[in-house]
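Here is what each chain is made of, one letter per residue.
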Amino acid sequence: MSHPPPPSTTTYTTIPISAGDVISRSLQNFTSSFSILRPWPELFTSGSFTRPDSFATALTQLRANFHYFRVNYLIIISACGALSLIGSPVSLLIFSSVLSLWLLLYFFREDPLVLWGYDVSDRLVLIGLILVSVLGVWLSESDWNLVWGVLIGFLVCAAHAFLRNSDGLLVADEEAALVGSGYVSGSYGALSASGDGGGQFIK
């Protein structure tokens with residue numbers, strides 16, 4: 001009697017690779033993520049904004065939109081943070097460097113990080129990135145400008161996700177493959193990999 005195959009899970013490579021190769025693969029994953037960048041006019045499609053009729057609907061709509069437009073939202077929040085530092089080149093450089101570390105070492109990394117022959121756990125990577133972020137904010141000449149810029153960007157995205165009707169958002173098969181690969185997070189639960197072809201809808 002045959003058993004159904006187990007659900008796909010994110011797995012690391014079995015053979016440790018150098019830190020340079022880890023970053024190179026993370027950069028490749030980051031570049032691939034732009035294949036699911038939604039067309040900007042789609043964010044403001046006429047007639048697509050409605051006020052949720054219940055708290056449960058609002059939460060579902062927030063989760064679905066944050067997942068569907070996550071690359072667009074990331075660009076908006078990053079742009080707001082960068083614009084808040086436009087008058088301080090040093091702070092802008094620090095912000096760009098810290099953001100790059102988060103993207104390459106945390107969000108788009110799918111391999112174990114090995115430094116000087118020792119495996120660096122994900123928890124240690126996260127703690128290190130938090131410390132670097134705190135240090136970067138402390139060294140920045142415009143720390144509160146950055147906080148307000150990122151906060152404004154997040155609030156703009158949250159307001160859009162709250163009001164944008166998520167019914168009928170089509171998920172292409174290419175994105176389902178990215179979700180299954182592990183470096184496009186499926187943690188919100190709005191998407192799932194599908195093998196029946198043709199894409200699927202967020203409901």
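Residues numbered from 1 in each chain as written. Predicted model: local features only at pLDDT ≥ 70, side-chain atom pairs only at ≥ 80, totals over all residues. Heavy atoms only, no water.

1. Quick notes on the overall build of the protein
Then step 1. Within the protein, the regular secondary structure consists of seven helices and four strands.
Then step 2. Along its sequence from the N terminus, the protein presents helices and strands in the succession α-α-α-α-β-β-α-α-β-α-β.
Then step 3. Within the protein, the fraction of its 203 residues that count as buried is 33%.
Then step 4. Counting only contacts in the protein whose residues sit at least 6 apart along the sequence, the fraction spanning at least 24 positions is 82%.
Then step 5. Surface summary for the protein: the accessible area is close to 12,500 Å², and the carbon and sulfur share equals 68%. (Helix = DSSP H or I, 4+ residues; strand = E, 2+ residues; numbered from the N terminus. Buried < 20%, exposed > 50% of the residue type's maximum accessible area, 1.4 Å probe, protein only. Contact = heavy atoms within 4.5 Å. Areas by Shrake-Rupley, 256 points an atom, 1.4 Å probe, with all protein chains shown as cover.)

2. Digging into the packing of aromatic side chains
Then step 1. Tallied over the entire structure, the rule returns five aromatic pairs.
Then step 2. Ring centres of Phe66 and Tyr73 lie 5.1 Å apart, and the angle between their planes is 70°; on these two criteria the pair is classed as edge-to-face. Neither residue differs from the other here; Phe66 and Tyr73 are each classed as buried.
Then step 3. Ring geometry for Tyr68 against Phe69: centres 4.9 Å apart, planes inclined by 90°, an arrangement best described as edge-to-face. Comparing Tyr68 with Phe69 shows no difference in burial state: the two are buried.
Then step 4. Joined through ring pairs, the aromatic side chains of Phe66, Tyr68, Phe69, Tyr73 and Phe154 make up one cluster. (Phe/Tyr/Trp six-rings, centres within 6.5 Å; stacked < 30°, edge-to-face > 60°.)

3. Things to note about the side chain of Ser88
Then step 1. Structurally, Ser88 can be placed in the loop between helix H3 (70-84) and helix H4 (89-107).
Then step 2. In contact with Ser88, other than residues within four places in its own chain, are Glu141 and Ser142.

4. Things to note about the packing of helix H2 (residues 55-68) against helix H6 (residues 143-163)
Then step 1. Close contact between H2 and H6 brings their axes to 7 Å; oriented N to C, the two are set at 120°. Between H2 and H6, the angle falls in the class oblique. At the point where H2 passes H6, the crossing takes the right-handed sense. Taking contact as the criterion, the partners of Ala58, Gln61, Leu62, Asn65 and Phe66 in H2 are, on H6, Phe154, Cys157, Ala158, Ala161, Phe162 and Leu163.
Then step 2. Along the lines of polarity and charge, the residues of the contact of H2 with H6 split into nine nonpolar, two polar and no charged. (Axes fitted to C-alpha atoms, helices over the stretch in contact; angles between N-to-C directions. Parallel < 35°, antiparallel > 145°, perpendicular 65-115°, else oblique. Left-handed = near helix turned anticlockwise from the far one by under 90°. Nonpolar A, V, L, I, M, F, W, Y, C, P; charged D, E, K, R; others polar.)

5. Description of the packing of H3 against H4
Then step 1. At a minimum axis separation of 10 Å, H3 and H4 run at an interaxial angle of 155°. One element, H3, and the other, H4, form an angle in the roughly antiparallel class. Between H3 and H4, the contacting residues are Leu74, Ser78, Gly81 and Ala82 on the first element and Leu92, Phe95, Leu99 and Leu103 on the second.

6. Some remarks on the pattern of salt bridges
Then step 1. Applying the stated criterion across every chain, the model contains one salt bridge.
Then step 2. Salt-bridge contacts for Arg109 lead to Asp122; the nearest nitrogen and oxygen are separated by 2.8 Å. Residue Arg109 is located in the loop between H4 and strand S1 (113-115), and its partner Asp122 is located in helix H5 (residues 122-139); the two are separated by 13 residues in the primary sequence.
Then step 3. By relative accessible area, Arg109 is classed as buried at 10%. (Salt bridge = Lys/Arg side-chain N within 4 Å of Asp/Glu carboxyl O.)

7. Structural notes on the UniProt feature "transmembrane region" (unreviewed entry) in the protein
Then step 1. With numbering aligned to this structure, UniProt lists the feature "transmembrane region" (unreviewed entry) at residues 68-86, 120-140 and 146-163.
Then step 2. The annotated region residues 120-140 carries 86% helix and 5% strand content, and the separation between its end C-alpha atoms amounts to 28 Å. (UniProt positions renumbered as here; feature names shortened; annotations may be inferred.)

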